[in-house]
Amino acid sequence: MLVKKLRPIPCYFSHFCLLFPFQVSTTRRHPTMEVKRRTARSLVARLSSVSQQTRTEALCELRLISKHDPDSRCFIADAGAVPYLCETLYSALPLEQENAAATLLNLSISSRQLLMSTRGLLDALSHALRSPSSSPAAIQACAATLYSLLVDDDYRPIIGAKRDIVYALVDIIRTPHAPPRSIKDALKALFGISLYPLNRASMVGLGAVAALFSLAVKDGRVGIVEDATAVIAQIAGCEEGGDAFRKVSGIGVLVDLLDPSTGSSIRTKENAVSALLNLAQCGGERIAGDMREAGMGLYDGIAVVADGGSPKGKSKAIALLKLLDGGREPRFASNPDREYS
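Read on for a plain summary of the structure. (Residues numbered from 1 in each chain as written. Predicted model: local features only at pLDDT ≥ 70, side-chain atom pairs only at ≥ 80, totals over all residues. Heavy atoms only, no water.)

Working definition: an aromatic ring pair is given by the centre-to-centre distance plus the angle between the planes. All chains considered together, the criterion is met by one aromatic pair. Plain terms: the ring middles of F213 and F245 are 5.2 Å apart, the flat faces sit at 85° to each other, and that makes the pair edge-to-face. Of this pair, F213 sits in helix α14 (residues 208-218) while F245 sits in helix α16 (residues 241-247), and the two are 32 residues apart along the sequence. Judged by relative accessible area, F245 falls into the buried class, the value being 1%. (Phe/Tyr/Trp six-rings, centres within 6.5 Å; stacked < 30°, edge-to-face > 60°. Helix = DSSP H or I, 4+ residues; strand = E, 2+ residues; numbered from the N terminus. Buried < 20%, exposed > 50% of the residue type's maximum accessible area, 1.4 Å probe, protein only.)

Written out as structure tokens, the structure reads:
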């Protein structure tokens, strides 16, 4: 029996892996990781070049690598990129600023602690959010970076204490014709800030209530209305919220959102119920009395959530009905899942 002699396989694949380490994965992981580490160090070193073209090219490459190769993010951060990226947020060149902001966003996914420990990070993000020369793409990326950092509970009081950041985010959502992505990321960041109770009074003082209700009333995009009402529900849980809600007829707006004729999504209705519950629990009988004056339309809207909402939404709807009914259990509270006739 003749055995065909196998020719050795050329090592083109190995060469390709070395040349394009971010597009190809290999079972020989350690050499590939070392290549990625060296590449990150080389690119970060180029950020300090006196040549603007060299810096811009390095920023473009870092942005792409940090977006498409999660393994490289820690190498880029460990190589010292964050201080350079923060400094570049002050750049008057839109391309440099956008690339720096987008790279920070990508790094924030896996290197939150390193970013937050970098001196001047929050000041740089605040500057980019507030600067008239900042491009919409840079503003959106900075707002998204803040939201990414706010995923960590420990950073909510730190970021929320930066009034200039809170004001900048509020300013984004009340700016006419702001890009939808910027509005959504600003709302998400405001939601993260509002999850820390001591931040809510500051948000009210900086005009968040009026801006949020303006979106809920005037913006017809379902996702934005849902995100706006989610923040409203959190802010409603502070003492300062009562007067601010009264000035913008907040209770009336929330009741309208519960009306089936408005076509609000179930998530928006659940947020409205949550806001009314927090407002009544915090404001006492005075606020509860204002709600009762809304009539049966309010009760019908709450009942819709109690019947068809999520488990959390149903629980809050039943609690709100009980509160409005003087503490008595709603007739369907023992079986919130049953159908109504």
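So, on to the pattern of salt bridges. Per the counting criterion, the structure on display carries 16 salt bridges. Close ionic contact of R174 with D171 constitutes a salt bridge, the shortest N to O distance being 3.4 Å. With a relative accessible area of 35%, R174 lands in the partly exposed category. Put simply, D227 and K184 hold a salt bridge, and the shortest N to O gap is 2.8 Å. In this pair, D227 is assigned in helix α15 (residues 222-235) and K184 in helix α12 (residues 180-194), connecting sequence segments 43 residues apart. For D227, a relative accessible area of 9% translates into the label buried. In this structure, a network of salt bridges that share partners links the residues K184, E226, D227 and R267. (Salt bridge = Lys/Arg side-chain N within 4 Å of Asp/Glu carboxyl O.)

Okay, unusual backbone geometry next. Non-glycine residue H177 carries a positive phi angle of around 65°. Secondary-structure assignment places H177 in the loop between α11 (163-173) and α12. Taking the relative accessible area as the measure of exposure, H177 reaches 81% and is therefore exposed. Despite not being glycine, S249 shows a phi value in the positive range, around 55°. Residue placement: S249 occurs in the loop between α16 and α17 (250-258).

Turning our attention to the packing of helix α18 (residues 266-283) against helix α19 (residues 285-292). Where α18 contacts α19, the axes come no closer than 6 Å and their chain directions differ by 140°. Of the possible angle classes, the one that applies to α18 and α19 is oblique. For the pair α18 and α19, contact is made by L276, L279, A280 and G283 and by E285, R286, I287 and M291, respectively. Across the contact of α18 with α19, the residue classes tally to five nonpolar, one polar and two charged. (Axes fitted to C-alpha atoms, helices over the stretch in contact; angles between N-to-C directions. Parallel < 35°, antiparallel > 145°, perpendicular 65-115°, else oblique. Contact = heavy atoms within 4.5 Å. Nonpolar A, V, L, I, M, F, W, Y, C, P; charged D, E, K, R; others polar.)

Quick look at the state of the cysteines now. Throughout the structure, instances matching the rule amount to zero disulfides. Free cysteine: C282, not disulfide-bonded; nearest cysteine sulfur from C238 at 6.3 Å. (Disulfide = S-S within 2.5 Å.)

Let us now look at the environment of Q234. Looking at the secondary structure, you find Q234 in helix α15. For the pair Q234 and L190, spaced 44 residues apart in sequence, the C-alpha to C-alpha distance is 9.9 Å. Looking at Q234, its side chain comes within polar contact range of the side chain of R200, at 3.1 Å. (Polar contact = N/O pair within 3.5 Å; in protein donor to acceptor, adjacent residues only side chain to side chain.)

Spanning 13 residues, helix α20 (residues 296-308) covers 18 Å between terminal C-alpha atoms, matching the ideal 18 Å at 1.5 Å per step. Turning to α20, its buried residues number three or more, namely L298, G301, I302, V305 and A306. Each buried residue of α20 sits inside an arc of 145° when the element is viewed along its axis, so together they form one side. Facing away from the buried side of α20 by over 90 degrees, the exposed positions are M296 and G308. As for α20, its buried residues are in contact with α17, α18, α19 and α21 (311-324). (Expected span 1.5 Å × (residues − 1). Arc of directions from axis to C-beta.)

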